[in-house]
Amino acid sequence: MPETRLLPNAPTRSQWIEAGGAITAHRHDDHQIVYAARGVLAVTTAAGTWVAPANRAVWIPAGTEHAHQAHGGLELHLVGLDAADNPLGLDEPAVLTVDPLLRELILAYTRAPDHGDPARDDGDPASDHGDPARDDDDPARARLRAVLLDRLSASPQQPVHLPSPTAPLLVALCAILRADPGERRTLAALGREVGASERTLSRLFRADLGMTFPQWRTQLRLYRALVLLAEGLPVTAVAHTCGWASAGAFIDVFRRAYGHTPGTHRTR
C-alpha cells in the first residue's frame, strides 16, 4: 500500500464515496467499526482483504494500517472507539454480522444530528464533514452508544477474510487466480505453471494462508462476485465470470455465505 498516514482519532461519521473511490492507506490510535449501508466495501491490510456487503461490518483494531475501496456508490458509516474500549476483545481485523437492530444503531449514531444524509466525501479520512462527537454530553447519545457497544459485543464473527500469501510460489499462483477468478484449472495444473507439485502447494496453502486451495479460491470468487454485483452485472454473467458451472450453483454458494441470494443483494 502507499505511504501510511497516522490519524490519531478514528472519526465517527457517515459519508458517501462515489463508485471506484478510495480512502488511501492510513491508521489511527483508536479502534473503528466500518459499515457500508449501500454498495460493497473492500478493506485491505497487510494481512489480506475483507469485503463487506450491507449485512456485514469490518472491525479495524487500533494501529492497523488499512485502506478502503468503494465498489458501487458507497454509503459509508464509521464508528470510532477509544483504544481502551474494545467490546469485541479482538486485536486483528474481523468481519461481523450486522442484524437489523445493529444496522439502525450504527446509522443513528454516525449521522450528524443536523441532517440524516451522508456527506459527500473527497476520500480523505482526515477531512471534516460534521463528525458527530464521540464523547457525548448528550445523555440520549450516551445511551445510544451504550446499546451500540452492547450489540457489537454480541455480533457473530464471519470467516470471510481473504488472506494474502507470503510464500513466493503462492504469490505467483494466487496472482493467476486474482487476474481471472473464473480460472478452472486444478491445483496440479496450476502447479505445473508455477513450478511446484500439488502436494507442496496444498501444504503451503494450509501453512501460509490457514485454508485449503478450494476454500481460498471460493472466497476469492465470492469477493469478486460482490464487486461485480455492485457494478450492476447480471447474476448469470457474474456466475460465469467467477467460474461457477451454473447460475444455480453460484446462487447456492452465495446464499450460504451471505444469508441471501445475489438477486436480492442489489436491494439490500
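Residues numbered from 1 in each chain as written. Predicted model: local features only at pLDDT ≥ 70, side-chain atom pairs only at ≥ 80, totals over all residues. Heavy atoms only, no water.

Peer 1: What is the right way to look at the overall build of the protein chain in this model?
Peer 2: Within the protein chain one finds nine helices and eleven strands. The buried share of the protein chain, taken over its 268 residues, is 51%. Taking contacts inside the protein chain between residues at least 6 apart in sequence as the whole, the part at least 24 apart equals 73%. Only carbon and sulfur atoms are counted for the fraction: they give 52% of the accessible area of the protein chain, which is about 12,000 Å². (Helix = DSSP H or I, 4+ residues; strand = E, 2+ residues; numbered from the N terminus. Buried < 20%, exposed > 50% of the residue type's maximum accessible area, 1.4 Å probe, protein only. Contact = heavy atoms within 4.5 Å. Areas by Shrake-Rupley, 256 points an atom, 1.4 Å probe, with all protein chains shown as cover.)

Peer 1: Would you take a moment to explain the nonpolar core for this structure?
Peer 2: Leu173, Leu201, Phe205, Trp216 and Phe250 are the most contacted members of the largest nonpolar core, which totals 37 residues. Among the secondary structure elements, those contributing two or more residues to this core are strand 4 (31–45), helix 3 (168–179), helix 4 (187–194), helix 5 (198–209), helix 6 (213–230), helix 7 (235–241) and helix 8 (247–258). Considering each element in turn, this core owes the most residues, nine residues, to helix 6. In this view, Leu173 contacts Leu187, Leu190, Val194, Leu201, Phe205 and Phe213; residues no more than four positions away in its chain are not counted. With 21 residues, the next largest nonpolar core counts Ala57, Leu96, Ile106 and Leu152 among its residues. (Core = buried A, V, L, I, M, F, W, Y, C linked by side-chain atoms within 4.5 Å.)

Peer 1: Honestly, the packing of aromatic side chains in this entry has me stumped. Any pointers?
Peer 2: The description of an aromatic ring pair uses the distance of the two centres, along with the angle that the planes make with each other. Counted by the stated rule, this structure contains five aromatic pairs. Ring geometry for Phe205 versus Phe213: centroids 5.5 Å apart, planes at 65°, classification edge-to-face. For the residue pair Phe205 and Phe213, the accessibility class agrees, reading buried in each case. Between Phe254 and Tyr258 the ring centres are 4.9 Å apart and the planes differ by 55°, which places this aromatic pair in the tilted class. Taken together, the residues span about one helical turn, with Phe254 and Tyr258 both in helix 8 at a distance of four residues. An aromatic cluster is present here, built from Trp244, Phe250, Phe254 and Tyr258 joined pairwise through their rings. (Phe/Tyr/Trp six-rings, centres within 6.5 Å; stacked < 30°, edge-to-face > 60°.)

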